[in-house]
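Examining the three-dimensional arrangement
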Amino acid sequence: QLKRQQLQYKFMNQVEMHQDNLDPDYLMRMKEFDAKLQEVIASMPEGSREVFLMNRLEDLKYREIAERIGITVKAVEKRMSKALQILREKLNIEV
């Protein structure tokens, strides 16, 4: 739980750093997208969510993730594939 909060905080800080010179309509759309993104990430299976956040927010390579959580690189690949599939389906975007 604490780790998830730390990763969400890091993500939000990255988004907020770029908000100073943006128009209000764009900022509102960004906040809506962020809320939807957080909802989709929270709905992922625990394993997929964990791997996705470690890769995308902590910039860990698949090998590093596998070592850290004690699974194979192939399992990391499968979990990441599932996470990206969920994002594509629920957000209707390419990642």
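**A short note on the side chain of Asn55**
You can see Asn55 is positioned in helix H3 (residues 46-56). A residue is classified by how much of its surface remains accessible, and Asn55, at 16% relative accessible area, is buried. Within the local environment of Asn55, its side chain forms a polar contact with the backbone oxygen of Leu60, the two atoms lying 3.0 Å apart. Look past the residues within four positions of Asn55 in its chain and what remains in contact with it is Leu60, Tyr62, Ile65 and Met80.

**Notes on H3**
Extensive coverage of H3 is indicated by the burial of eight of its 11 residues. Inspection of H3 places Gly47, Ser48, Arg49, Val51, Phe52, Leu53, Met54 and Asn55 among the buried residues, and these make up the whole buried set.

**Considerations on the nonpolar core**
With 19 residues, the main nonpolar core has Ile41, Met44, Phe52, Ile65 and Leu87 as its most contacted residues. If you list the elements that add at least two residues to this core, you get helix H2 (24-43), H3, helix H4 (62-69) and helix H5 (73-91). In terms of residue count, H5 provides more of this core than any other element does, seven residues in total. Not counting residues up to four positions away in its chain, the partners in contact with Met44 are Arg49, Ala83, Ile86 and Leu87.

**What about the environment of Lys61?**
For Lys61, the location among the structural elements is in the loop between H3 and H4. For Lys61, a relative accessible area of 56% translates into the label exposed. Along the sequence, Lys61 and Val73 sit 12 residues apart, while their C-alpha atoms lie 9.6 Å from each other.

**So, the environment of Phe33**
Tracing the backbone through its elements, the reader meets Phe33 in helix H2. What makes Phe33 partly exposed here is its relative accessible area of 37%. Among residues more than four places away in sequence, those in contact with Phe33 are Leu91 and Ile93.

**As for the pattern of salt bridges**
With the rule as written, the count across this model stands at six salt bridges. Here Arg63 and Glu67 are joined by a salt bridge, their closest N and O atoms 3.5 Å apart. A residue pair is termed a helical-turn pair when its members lie 3 or 4 positions apart in one helix, as Arg63 and Glu67 do in helix H4 at four residues.

The rules behind these values
Residues numbered from 1 in each chain as written. Predicted model: local features only at pLDDT ≥ 70, side-chain atom pairs only at ≥ 80, totals over all residues. Heavy atoms only, no water. Helix = DSSP H or I, 4+ residues; strand = E, 2+ residues; numbered from the N terminus. Buried < 20%, exposed > 50% of the residue type's maximum accessible area, 1.4 Å probe, protein only. Polar contact = N/O pair within 3.5 Å; in protein donor to acceptor, adjacent residues only side chain to side chain. Contact = heavy atoms within 4.5 Å. Core = buried A, V, L, I, M, F, W, Y, C linked by side-chain atoms within 4.5 Å. Salt bridge = Lys/Arg side-chain N within 4 Å of Asp/Glu carboxyl O.

By themselves these figures say nothing about function.
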